Amino acid sequence: MRLREASPLDIVAVCGLTGRTYLRPFLCALAVTLRKLLQRVVLIDCDLRSPSLHTVTDVEGKEGFIDMVKYGCSFFTAADETEVGGVYLIGAGSHPVSSEGELVGRELERVFYSLRAKADITLAAVPAILTSGQVNPVLKYVDGVILCLNRAGNKNENIRNDFAKLWKEDVP
């Protein structure tokens with residue numbers, strides 16, 4: 001894990017670096033573990049192309065991350081408390097995006113500012129590299145990144161190249 005220096009660990013991105021990396025079980029286990037130490041843990045699905053956290057609870061078609069970014073939806077409208085008290089889930093959202101380029105600017109900054117105020121820690125499921133080959137802009141707003149790899153079916157060269165892209169950016 002790589003962290004921003006002199007920054008509290010409020011928002012942690014959990015990224016699948018290449019190929020199909022199944023993050024949902026890891027994220028859920030990490031959230032339940034952290035809940036034993038903290039009051040409010042938030043899981044947020046920032047993977048707008050292949051969202052999967054909505055399968056943990058019944059939040060598909062509900063306001064979520066993209067609605068918070070594009071339409072100013074509040075945390076309390078988007079977040080659902082799970083069966084594990086104190087663990088909240090924000091799905092990808094109900095509005096499809098036309099391009100990954102929509103995730104930039106002040107609106108995205110506002111959403112992450114709000115998450116810092118509402119949760120002790122937020123775990124964000126985020127694809128590290130977009131389909132365009134660019135580093136995901138969401139990663140500029142987090143305090144730390146956990147990279148998960150699925151080496152099956154991925155060449156070491158691809159893993160190395162994607163990791164190098166991340167390392168060169170201003171990503172913690």
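Residues numbered from 1 in each chain as written. Predicted model: local features only at pLDDT ≥ 70, side-chain atom pairs only at ≥ 80, totals over all residues. Heavy atoms only, no water.

**A word on the overall build of the chain**
- A tally of helices and strands in the chain yields five helices and seven strands.
- The linear arrangement of helices and strands in the chain, starting from the amino end, is β-β-α-β-α-α-β-β-α-β-β-α.
- Out of the 172 residues in the chain, the part that is buried amounts to 47%.
- Of all intrachain contacts in the chain linking residues separated by at least 6 positions in sequence, the fraction that spans at least 24 positions is 78%.
- Carbon and sulfur atoms form 51% of the exposed surface of the chain, whose accessible area is close to 9,000 Å². (Helix = DSSP H or I, 4+ residues; strand = E, 2+ residues; numbered from the N terminus. Buried < 20%, exposed > 50% of the residue type's maximum accessible area, 1.4 Å probe, protein only. Contact = heavy atoms within 4.5 Å. Areas by Shrake-Rupley, 256 points an atom, 1.4 Å probe, with all protein chains shown as cover.)

**Topic: the pairing of strand 5 (residues 87-90)**
- Taking every second residue as pointing to the same face, both faces of strand 5 are buried, with Val 87 and Leu 89 on one and Tyr 88 and Ile 90 on the other.
- Pairing of strand 3 (residues 41-45) with strand 5, which is carried by four bridges, proceeds in the parallel orientation. Bridged to Val 41 within strand 5 is Val 87.
- One ladder, built from two bridges, connects strand 4 (residues 80-81) with strand 5; its direction is antiparallel. If you follow Asp 80 over to strand 5, its bridge partner there is Leu 89.
- Where strand 4 folds back on strand 5, the antiparallel hairpin that results is connected by five residues, among which Gly 86 adopts a positive phi of roughly 90 degrees. (Pairing = 2+ DSSP bridges.)

**Section: the nonpolar core**
- Counting residues in hydrophobic clusters, the biggest one holds 33 residues, and the most contacted among them are Cys 46, Phe 65, Ile 90, Phe 112, Leu 115, Val 126 and Leu 139.
- Elements with a contribution of two residues or more to this core: strand 2 (11-16), strand 3, helix 2 (65-71), helix 3 (75-78), strand 5, helix 4 (106-118) and strand 6 (121-127).
- By size, the runner-up hydrophobic cluster in this structure holds 16 residues, among which are Val 12, Val 14, Ala 31 and Val 41. (Core = buried A, V, L, I, M, F, W, Y, C linked by side-chain atoms within 4.5 Å.)

**A closer look at the packing of aromatic side chains**
- A complete count under the given rule lists four aromatic pairs for this structure.
- Between Phe 75 and Tyr 88, the ring centres sit 6.3 Å apart and the planes meet at 55 degrees, which makes this aromatic pair tilted. With Phe 75 in helix 3 and Tyr 88 in strand 5, this residue pair connects regions lying 13 residues apart in the sequence. In this pair, the class of Phe 75 matches that of Tyr 88, namely buried. (Phe/Tyr/Trp six-rings, centres within 6.5 Å; stacked < 30°, edge-to-face > 60°.)

**So, the pattern of salt bridges**
- Throughout the structure, instances matching the rule amount to four salt bridges.
- For Glu 109, the salt bridge identified is with Arg 106, shortest N-O distance 3.4 Å. Linking Glu 109 with Arg 106, this pair stays in helix 4, spanning three residues, or about one helical turn.
- The partly exposed category is assigned to Glu 109, whose relative accessible area is 38%.
- Its relative accessible area of 64% is what places Arg 106 among the exposed residues. (Salt bridge = Lys/Arg side-chain N within 4 Å of Asp/Glu carboxyl O.)

**Let's talk about the pairing of strand 2**
- Strand 2 sits mainly inside the fold: six of its six residues count as buried.
- Covered by surrounding structure in strand 2 are Ile 11, Ala 13 and Cys 15 together with Val 12, Val 14 and Gly 16, the residues of both alternating faces.
- Pairing analysis gives six bridges linking strand 2 to strand 6, with the strands arranged parallel. Each residue of the ladder has a partner; that of Val 12, found in strand 6, is Leu 123.
- Judged from the five bridges that link them, strand 2 and strand 7 (residues 144-148) form a sheet pairing that is parallel.

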